[in-house]
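Reading the structure
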Amino acid sequence: MRRPLALCLLLAAPALGQQTPPAATPPPAQPVAPAPPPAERTAFQLPFPEDKGGGVAAGTAGRLELEPDKKARLTGGVELRYKDLVLKAQEIEVNLETKVVIAQGDVVIDQGPNRLTGTIATYDLETKTGVLHDATASVSPELYFKGTELAKVAENIYTIENGTVTACTDPTPDWSFAVKRARIEMEGYAHLRGASMRVKNLPVIYLPRLIWPAKQDRASGFLIPQPGYTTRRGASLSLAYFQTLGRSYDTTVYADVFSNSGFYGLGGELRWAPTEGSRGELSAYFLRDPDASLLPDPSASGETLSETRWKLSLDHVADRLPFGMKGAISYRNYSDFDYTRDFERNLDRSSLRAIYSRGYATGNWGSHSLNLVLDDRQTLLGVGNVVKQRRLPEIGYRLRPLRLGKVPLYLDVDSTLSYLDIERSDTYASSYGRFDLSPNLKLPVKAFPWLALSVNAGGRYTWWSDSVCRPGSEGEQPCGSGPQQFVGESLTRAIPTASAEIIGPSFSRIFDGVGSWGKLKHIIEPRFTYAFVGEVDQDDAGRVPFFNEVDFTAATNIGRVALVNRLLGKPASGKGGAREILSLELARNYSFDADVPLSVFQGERDPWGPVTALLRFEPGGGTRLRYQASYNTQASVLTQQTVTAGYGFKASFAEVTWLTRRRAVDGEREEDQVRFTSVWNAIPNKLQFQAQLTLNLNPSTFRDAEGVLQEASQIQQQQYGLSYLSQCFGFQLSVRELRTLRSTREEKERDFRFLLTLKNVGTFLDLSSRDSTADDN
């Protein structure tokens, strides 16, 4: 049976049966017009039948007209609430049997973060669906649309007729899509038909149909096509499709087409994050370059590149391996060393000269650490000269300083066990094992608070399972006709090492501060360090296969004396501790080995090296200054100077570096270079300018193809960028020029890139070009 409907009328003010007496107030100084009485509001509750889901619509209105069990007419500015829905309008008619309302005049429908507005609305309170005319919508996540007719056809699905869609909140949006029809599924896709993209009110591109994800989470679908342009390949269009593969995996496939005949590219990406602390990405791209057969292969003299050029990358991070270890893999490979220069859009990448891949696993347990490393490095030293080095693998164990008993004596150990593979063009190639062990004992002595002393003693033992032989070296194995070759003989080397450091006696004095500094402290601190590495048999040194710094060692018997002046300041406000404002260090090295002088000038050997100076000044407020110099006392020449000055405020900064080098023999400049870097946030978090400039004040000279002496340009590199970020879009504009001196010419390479991103859409436009010219002069 249908239960009888009950209607409860409540008068909000004044309440039935009550009269509120006016408060006693002093008479006004001057007569004023009486305030109009507040408009009476009717509070209502409208129950719905149980067979329609029940519930009660409540709210207030200026006037209520009721047909029991059928409908209610509310006028005079109405606010109606039903569950999580709030509906406001000038007039509302409620069908009590169907829960359908018809609202007119300044209609506003709020449901959580979503808002719909219009002039007329027909809305079902139970299904929360309906149609609005001359309507607008603000829907999470930050999507705004309007139309002559807007329908909410399901919980998260909307349709639009003759309207616009945007992510901008401005009355005239920076960008929008004018559409004939649209169907938008929140946390799904927006399907637009007859879409015209507009910048402000200006149409810029027409798209018969457009689909993009309208959700905060990942969503499968076609990405926005990206046009581009390069001098060599002409105009291009990049097409991509993104596909989710569950919560932890997704993939993207893409294709590039170019206007120049024969060029095309295909690629794909796979990403994964199956567990917390585990994530990775695999990327591959193949490009057909019909002009490659005309280009020289830098890694193989006399050969040309293949038409199929490619790149491959793999990255994986695992932060939660067994036994508390963590690891990562980073693999990179290219078809040739010129790939990045020819095809990468990243302007920060110059011509590729090294390809490096690495995988590691590491763990730390107290003072002990263990590292497992596999890596592959290919280095281009010159045309046709490539060095390939691999560690397959290398196991490293390290013992951090560990106190031995109760005495202040500390032991630390570094060791590696490696299987190495090396290949040098036109020289040798082999695989061999290597073991390296470096134990060290450290004895710190702190007899006085103004003096610190530490002494180290240890050694280095290295074993190679194979060794090389050079022409002219002695031994049973012949060296052959090449410059070097492996001879199948193991080799060992043991070298003693020692070092010492003395700091002090230190002197200090405290002064009253100035400005923002409450106290100043001046410290004078002499320092002496000593380093000793034992001699290596020269015949054995010639047999060592060189792989990295472990294999190279030189006898050392050098001391260093230094005088350091430091000025520390403590803020007058008392906030924060003391920090260094100014420091000046003067130092000089001395060789205790008479056969190894540190300076030779006009045949005279001097055990003393040049005098070096290092000045640092950071008074605060973003100002910093650094000066470094080296002075040859024998030649009385300032052989090297480096000055760096910078100033930063908020998120902006500017820095300039000046570097000069002079020959000790005649004082002539070998290098004179200025580098300038600046980032200026003209409008914080919105508009930013970047600039980098490198000048060679002492440019090189070269002879052109006709033998005429020419001078290279002073500008070596310059790069300028502009980026802007608004509420709903952003763009980046960057230009770079790089000049490289070849044998008979100066090459100039220019890069240009423009990147436009739209909020909730992603990258919409990516234009880049690269132009290379050769100045033969």
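Located above this text is the structure these notes cover.
As the structure is a prediction and not an experimental result, all values here were calculated from the model.

1. Points about the pattern of salt bridges
- Tallied over the entire structure, the rule returns 34 salt bridges.
- R624 is the salt-bridge partner of E655, the closest N and O atoms lying 3.6 Å from each other. Placement of the pair is E655 in strand β43 (residues 652-662) and R624 in strand β41 (residues 623-632), with a sequence separation of 31 residues.
- One salt bridge connects D672 with R669, and the closest N-O pair in it is separated by 2.5 Å.
- A relative accessible area of 33% places R669 in the partly exposed class.
- Linked through salt bridges whose partners overlap, the residues forming this network are D375, R391, E394, R434 and D551.

2. Some thoughts on the nonpolar core
- Among the nonpolar cores identified, the biggest contains 54 residues, and L80, I92, V94, F145, W175, F177 and L192 are the most heavily contacted of them.
- The biggest single contributor to this core is strand β14 (residues 175-185), with five residues.
- Apart from the residues lying within four places of it in its own chain, the contact partners of I92 are A72, R73, L74, V78, L80, L87, V101, I102 and A103.
- Y254, F258, Y334 and V386 belong to the second largest nonpolar core, which has 14 residues in total.

3. Some thoughts on the state of the cysteines
- The tally for this structure, following the rule as stated, stands at one disulfide.
- Covalent S-S linkage joins C168 and C728, the inter-sulfur distance amounting to 1.9 Å. Between C168 and C728, the disulfide has an S-S torsion of 85 degrees and is therefore right-handed. Residue C168 is found in the loop between β13 (157-166) and β14, and its partner C728 is found in the loop between β48 (715-725) and β49 (729-741); the two are separated by 560 residues along the sequence.

4. So, the packing of aromatic side chains
- Applying the stated criterion across every chain yields a total of 16 aromatic pairs.
- For the ring pair W175 and F177, a centre distance of 5.8 Å and an interplane angle of 75 degrees mean the geometry is edge-to-face.
- W175 gets classed as buried once you look at its relative accessible area, which sits at 2%.
- For the ring pair Y724 and F729, a centre distance of 5.8 Å and an interplane angle of 45 degrees mean the geometry is tilted.
- Its relative accessible area of 18% is what places F729 among the buried residues.
- Linked through ring pairs, Y530, Y590, F592 and W608 together constitute an aromatic cluster.
- Directly above the ring of Y356 sits R377, whose terminal nitrogen or CZ lies 4.1 Å from the centroid.

Reading the values: rules and limits
- Residues numbered from 1 in each chain as written.
- Predicted model: local features only at pLDDT ≥ 70, side-chain atom pairs only at ≥ 80, totals over all residues.
- Heavy atoms only, no water.
- Salt bridge = Lys/Arg side-chain N within 4 Å of Asp/Glu carboxyl O.
- Helix = DSSP H or I, 4+ residues; strand = E, 2+ residues; numbered from the N terminus.
- Buried < 20%, exposed > 50% of the residue type's maximum accessible area, 1.4 Å probe, protein only.
- Core = buried A, V, L, I, M, F, W, Y, C linked by side-chain atoms within 4.5 Å.
- Contact = heavy atoms within 4.5 Å.
- Disulfide = S-S within 2.5 Å.
- Phe/Tyr/Trp six-rings, centres within 6.5 Å; stacked < 30°, edge-to-face > 60°.
- Lys NZ or Arg CZ within 6 Å of the ring centre and 35° of its normal.

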